Amino acid sequence: MQAFFPLQRPLVLGSTSRYRRELLQRLQLPFDVAAPEVDETPQPGEAPAALAQRLALAKAHAVASCYPEAVVIGSDQVADLAGHALGKPGNHERAVTQLGMMSGHTVIFQTAVAVVCHATGFEQLELAPVEVRFRTLSEDEIERYLRAEQPYDCAGSAKSEGLGISLLDAILSDDPTALIGLPLIRTCRLLRAAGIILP
């Protein structure tokens, strides 16, 4: 028998991240993807958690303005090293610097998810902090890792779902996919609140 899903509002992921797209596919919901046009420059003195939350909400609203009838997901992640925000390195040199800074330290990966629908006025936001303890890394280890994985599009230069797991001592989280880029437990909670029926 074919599964029946009740008619509901369209769902749009406001992100160009392939990691978030792959994670959302786990929920087996039809969705579209749209690129949010948002300036991601931190505001003066803005804490990493506040930055992640502001950008997640801004991304969701930016896409929702183009799809007012849809339920839109926005998300952002900022690596928080003792209050200092680390974003995507973008290149090898900055990734070397980031991993050198995180070596032997605990980093909080602040992952925010927002769900909005302009047609209904729905807006909710949640933060999923993930505590990551890095091993003390040698320059050779950092170089080998970066040459192998090239994680230049990842906040903090480390992909825990890949070889980056070898750089770590521990991961502490109540929402396991948050570190990859989209906290699915919180996302499901927000989608249900927005009226999306999950399979």
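Attention in this report is confined to the structure presented alongside it. Treat the numbers as computed from the prediction; the structure is a model and nothing was measured. (Residues numbered from 1 in each chain as written. Predicted model: local features only at pLDDT ≥ 70, side-chain atom pairs only at ≥ 80, totals over all residues. Heavy atoms only, no water.)

**Section: the state of the cysteines**
Simply put, disulfide is the name for a covalent bond between the sulfur atoms of two cysteines.
Part 1 of the reasoning: Across all of its chains, the model carries 0 disulfides by this definition.
Part 2 of the reasoning: The closest cysteine sulfur to the non-disulfide-bonded Cys 117 is located on Cys 66, 14 Å from its own sulfur.
Part 3 of the reasoning: Take Cys 117: its relative accessible area is 2%, and that puts it in the buried class. (Disulfide = S-S within 2.5 Å. Buried < 20%, exposed > 50% of the residue type's maximum accessible area, 1.4 Å probe, protein only.)

**Structural notes on helix H2 (residues 48–64)**
Part 1 of the reasoning: When the terminal C-alpha atoms of H2 are compared, their 24 Å separation across 17 residues agrees well with the 24 Å that a helix rising 1.5 Å per residue should span.
Part 2 of the reasoning: Against strand S1 (11–13), strand S3 (71–81), strand S4 (84–86), strand S5 (106–117) and strand S6 (122–134) lie the buried residues of H2. (Helix = DSSP H or I, 4+ residues; strand = E, 2+ residues; numbered from the N terminus. Expected span 1.5 Å × (residues − 1). Contact = heavy atoms within 4.5 Å.)

**Observations concerning helix H1 (residues 18–25)**
Part 1 of the reasoning: Turning to H1, its buried residues number three or more, namely Tyr 19, Arg 20, Leu 23 and Leu 24. Down the axis of H1, the smallest arc covering the buried residues is 130°, so these residues share one side.
Part 2 of the reasoning: Those residues of H1 that are buried are in contact with S1, S3 and helix H5 (184–193).
Part 3 of the reasoning: The backbone nitrogen of Tyr 19 has a side-chain oxygen 3.2 Å away, supplied by the residue at the start of H1, namely Ser 17. (Arc of directions from axis to C-beta. Polar contact = N/O pair within 3.5 Å; in protein donor to acceptor, adjacent residues only side chain to side chain.)

**Thoughts on the pattern of salt bridges**
Part 1 of the reasoning: Under the counting rule described, the total for this entry stands at 11 salt bridges.
Part 2 of the reasoning: The shortest N-O distance in the salt bridge between Glu 69 and Arg 9 comes to 2.8 Å. Of this pair, Glu 69 sits in the loop between H2 and S3 while Arg 9 sits in the segment before S1, and the two are 60 residues apart along the sequence.
Part 3 of the reasoning: Looking at Glu 69, the relative accessible area reads 46%, which means it is partly exposed.
Part 4 of the reasoning: Residue classification places Arg 9 among the partly exposed positions, given a relative accessible area of 32%.
Part 5 of the reasoning: When salt bridges with common partners are traced through the structure, they connect Glu 126, Asp 174, Asp 175, Arg 186 and Arg 189 into a single cluster. (Salt bridge = Lys/Arg side-chain N within 4 Å of Asp/Glu carboxyl O.)

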